[in-house]
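# Fold and contact review
So the chains spell out like this:
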Amino acid sequence: MTTTDWITDIALVLIVFRQLRESRLDLKSYLLPLGIVAFVASHYLHTVPTAGNDLVLIGALVAAGAVLGVAGGLYTRIRRTGDHLLIKAGAVSAVLWVLGMGARMGFQLWTDHGGADDVARFSVTHDITTGQAWVAAFVLMALTEVLTRLATIFVRSRLVAAGEQLPAGARPAVPALDRTA
């Protein structure tokens, strides 16, 4: 791993710790994670391979990123105080974030230190055609996790701003859409 790899991976993992302390939800809350993931995407996502089962791998990791992102956004507390919204990542949100972002770093460390042959055998067995498929899958997973988490937080913040208080992990009651009652 290069120094840039370490810095970007650690920055993506640590960004959630910034939100463990309650702070104001503002444009910076959205732009910082988007900026980091845009940097990662621009440096590592050169192509999206489509041969063999590359898209299956990419789709599976993108789906995992979406699940982690939505869950992380749901387990983030958003509350109104005066004219401002405050945000605080809960423990579940932090664990999910570190799990998702740490997976990429862990996979890269594993392949750099002895796991490359296992990945190559798995890739051949499952018709994953290039190493770029793994890169694209993990980068798109991180991008999806960031985007879905931020989208979930945005939607929840609009509900709170409209007057509905939502604790971490709570789902808004939408009678027309909620068929579980």
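No experiment lies behind these values; they were computed from the predicted model shown. Every chain begins its residue count from 1, and numbering advances along the sequence as written. This being a predicted model, a pLDDT of at least 70 is required before a residue's local features are given, and a value of 80 or more before pairs of side-chain atoms are given or counted; all residues contribute to the totals for chains, interfaces and linings. The side-chain values count all of the structure's non-hydrogen atoms but skip hydrogen atoms and water molecules.

## A closer look at helix α4 (residues 91–125)
Numbering of helices and strands runs from the N terminus, with a helix taken as a DSSP run of H or I at least four residues long and a strand as a DSSP run of E at least two residues long. Multiplying 1.5 Å by the residue count of a helix minus one yields the expected span of that helix. Along its 35 residues, α4 runs just 38 Å from first to last C-alpha, ending more than 12% under the 51 Å computed at 1.5 Å per residue. What the bend at a residue measures is the angle between two axes, fitted to the seven residues ending there and to the seven starting there. The sharpest bend along α4 comes to roughly 105°, located at G115. Downstream of α4 by one or two residues, D127 has phi in the positive range, about 60°.

## A short note on the pattern of salt bridges
Salt bridge, as used here, is a side-chain nitrogen of Lys or Arg placed within 4 Å of a carboxyl oxygen of Asp or Glu. Counted according to the given criterion, the structure contains three salt bridges. A salt bridge links E22 to R79, with the nearest nitrogen and oxygen atoms 2.8 Å apart. Here E22, found in the loop between α1 (3–18) and β1 (23–24), pairs with R79, found in strand β2 (residues 76–81); they are 57 residues apart in sequence, far enough to count as distant. Throughout this description, buried means an accessible area under 20% of the type-specific maximum (1.4 Å probe, protein chains only), exposed means over 50%, and partly exposed covers the range between. Exposure remark for E22: the relative accessible area of 24% places this residue in the partly exposed category. Here R121 and D118 are joined by a salt bridge, their closest N and O atoms 2.4 Å apart. Of this pair, R121 and D118 are both found in helix α4, three residues apart, which corresponds to roughly one turn of the helix. Under the relative-accessibility criterion, D118 is labelled partly exposed at 34%.

## Topic: the packing of aromatic side chains
In this analysis, rings of Phe, Tyr and Trp, with Trp reduced to its six-membered ring, are considered paired at centre separations within 6.5 Å, and the interplanar angle assigns stacked below 30 degrees, edge-to-face beyond 60, and tilted for intermediate values. Summed over all chains, the structure comprises five aromatic pairs. On the numbers, 6.3 Å between centres and 70° between planes, the contact of Y30 with F154 is edge-to-face. In this pair, Y30 is assigned in helix α2 (residues 27–44) and F154 in helix α5 (residues 131–161), connecting sequence segments 124 residues apart. Judged by relative accessible area, Y30 falls into the buried class, the value being 16%. Judged by centre distance (5.0 Å) and plane angle (20°), the rings of F107 and W134 are stacked. Taken together, the residues F107 in helix α4 and W134 in helix α5 connect sequence positions 27 residues apart. When sorted by exposure, F107 lands in the same class as W134, which is buried. Taken together, the ring pairs in this structure connect F107, W110, F122, W134 and F138 into an aromatic cluster. The criterion is that NZ of a Lys, or CZ of an Arg, lies within 6 Å of the ring centre and within 35 degrees of the ring normal, and then a charge sits over that ring. The lysine or arginine in question, R104, covers the ring of Y44, its NZ or CZ lying 5.0 Å from the ring centre.

## With respect to the confidence of the model for the protein
You can read pLDDT as the predictor saying how much it trusts each residue, on a scale of 0 to 100. For the protein, mean pLDDT is 84; residues scoring 70 or higher make up 90% of the total. Of all helices and strands in the protein, the one with the weakest mean pLDDT is α1 (74), whereas helix α3 (residues 54–74) scores best (95). Contacts were defined at the residue level, with two residues in contact if any of their heavy atoms lie within 4.5 Å. Counting interchain partners and residues more than four positions distant, the pLDDT-below-50 stretch residues 174–181 has two contacts.

## Focus: the pairing of strand β3 (residues 84–89)
By the bridge criterion, two bridges tie β1 to β3 in an arrangement that is antiparallel. The residue bridging R24 from the neighbouring strand is L86, located in β3. Direction of pairing for β2 relative to β3: antiparallel, over a ladder of six bridges. Bridging from a neighbouring strand, R77 pairs with K88 of β3. Pairing between strands is defined by DSSP: at least two bridges between them are needed. In this structure, the hairpin formed by β2 and β3 is closed by a connection of two residues, where G82 is found at a positive phi of approximately 65°.

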